[in-house]
Amino acid sequence: MTDHKRRGFVKTAAVGGTAFLGPQVVEAARARGHVLTLFNRGKTNPGLFPDIEKLHGDRDGDLASLEGRKWDAVVDTSGFVPRLVTMSASLLAPNVNQYVFISTISVFAEDLKPGTAEDGPLATTPDPSSEDVRKYYGALKALSEKAADKAMSGRAWTIRPGLIVGPGDQTDRYTYWPVRVAKGGEVLAPGDGSDPVQYIDVRDLAAWIVLGVERNLTGTYNATGPAKKLTMKAMLDAIKKGTGGEAKFTWVSTAFLESKKVAPWSDLPVWVPSRNGEEGFAQVNCSKAIAAGLSFRPAATTAADTLAWYRTLPEDRRGKLLAGISADKERELLAAWHAR
Ligand SMILES: NC(=O)c1ccc[n+]([C@@H]2O[C@H](COP(=O)([O-])OP(=O)(O)OC[C@H]3O[C@@H](n4cnc5c(N)ncnc54)[C@H](OP(=O)(O)O)[C@@H]3O)[C@@H](O)[C@H]2O)c1
């Protein structure tokens, strides 16, 4: 580790930096005294961070503004296909010590076993030339991890987050729950409460990324939370505690929801029933990251802060959550559940 890294004066570039995870990394890094540069196309939230150096370009073909510049670390939040990760990592390799590649736990193959660590089986694509990220997200990220490490000759740090949640998340996947619970009344809660869930607060992830930059971490790390098993019931109880809602949870069985064509994860986010080969989905082993300093704020704090952030959004944005079931659908399902 270089002296300035130990002291915290780190020159870090973020490939991206202006959507959700990027801004939190920027905030955490500059709070630690890092000197930052952002590289992006200038399309997403262009007015953000007016005081930080911005280099414009496109990682698909226009990397000129990165040429000849030196940084201690690069944090790549926007790499999805190996071709483009190879391009940026090869260009930067002679001029950076560490390449932080933000991957995903979706790199794992289906039928994951509970407790899978970093060496678990990875998703593959039947067509390695395809760059269809929607279709082959996990497999392409897995290939991108390898591309980053190859270009950096082992100086890549690969981080595999689970669902990233918290203030600033525009998908509403986790946010559905704090918003719904805070509204109060009878809340449809899926399953029997025992299904495990995993997610990570974006601010905990960002803080760890900055710590790992200062420690010059390399290798591959699963990075989702919390530290100990969290059930759907414990998550909803924590959300109730954090948001102060007067909610009453009615646990509706997985079989019943399935009969009504309510899909786990997509219709009722965060939740994936622990069965049918999906038992490992929310039980990924993150002990390596935890031993390397990844820590988690209380689940109730994430809930409270996410709700507080959501309440700052314009009214028309708040009018319709982008994930979860509608109030009408929930009422209809609860009535059918009680009448069965
Ligand atoms: N959300 C989750 O639950 C979750 C879970 C696991 C893993 N992940 C991973 O976490 C990362 C998410 O990061 P984020 O989107 O929040 O990061 P971010 O750094 O906040 O935003 C993405 C950035 O990439 C830039 N960008 C996009 N296309 C570009 C291009 N062609 N050339 C240059 N810059 C480009 C965007 O700016 P411009 O548009 O201005 O170029 C933007 O600044 C992804 O890698 C994702 O796979 C997410």
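Everything discussed here concerns the structure shown above.
Structure report, in brief. (Residues numbered from 1 in each chain as written. Predicted model: local features only at pLDDT ≥ 70, side-chain atom pairs only at ≥ 80, totals over all residues. Heavy atoms only, no water.)

1. Some words on the site of the ligand
Then comes step 1: Around the ligand, the surrounding shell holds 29 residues, and the nearest of these are Gly17, Thr18, Lys43, Thr44 and Thr77.
Then comes step 2: Thr18 places a side-chain nitrogen or oxygen 2.5 Å from an oxygen atom of the ligand.
Then comes step 3: Relative to its free-state accessible area of 920 Å², the ligand is covered by the protein chains to the extent of 86%.
Then comes step 4: Among the elements that line the shell around the ligand, the one with the most residues is helix 2 (residues 21-31), at three residues.
Then comes step 5: Classifying every residue of the shell around the ligand by side-chain character gives 11 nonpolar, 12 polar and six charged. (Near = heavy atom within 4 Å. Polar contact = N/O pair within 3.5 Å; in protein donor to acceptor, adjacent residues only side chain to side chain. Areas by Shrake-Rupley, 256 points an atom, 1.4 Å probe, with all protein chains shown as cover. Helix = DSSP H or I, 4+ residues; strand = E, 2+ residues; numbered from the N terminus. Nonpolar A, V, L, I, M, F, W, Y, C, P; charged D, E, K, R; others polar.)

2. Re the pairing of strand 4 (residues 71-76)
Then comes step 1: Of all six residues making up strand 4, six are buried, and the element is well covered by its neighbours.
Then comes step 2: In terms of handedness, the path from strand 4 via helix 3 (residues 82-92) over to strand 5 (residues 96-102) forms a crossover that is right-handed. (Buried < 20%, exposed > 50% of the residue type's maximum accessible area, 1.4 Å probe, protein only. Right-handed = clockwise from strand over helix to strand, strands pointing away.)

3. Brief notes about the pattern of salt bridges
Then comes step 1: Within this structure, the stated rule accounts for 18 salt bridges.
Then comes step 2: Here Arg59 makes a salt bridge to Asp76, at a shortest N to O gap of 2.6 Å. In this pair, Arg59 is assigned in the loop between strand 3 (53-56) and strand 4 and Asp76 in strand 4, connecting sequence segments 17 residues apart. The burial state of Arg59 is the same as that of Asp76; both residues are buried.
Then comes step 3: Ionic pairing is found between Asp328 and Arg331, a salt bridge with its closest N-O pair at 3.0 Å. A residue pair is termed a helical-turn pair when its members lie 3 or 4 positions apart in one helix, as Asp328 and Arg331 do in helix 12 (residues 327-339) at three residues. Considered together, Asp328 and Arg331 belong to a single accessibility category, that of exposed residues.
Then comes step 4: Connected through shared salt-bridge partners, Asp201, Arg203, Asp204, Arg297 and Asp305 make up one network. (Salt bridge = Lys/Arg side-chain N within 4 Å of Asp/Glu carboxyl O.)

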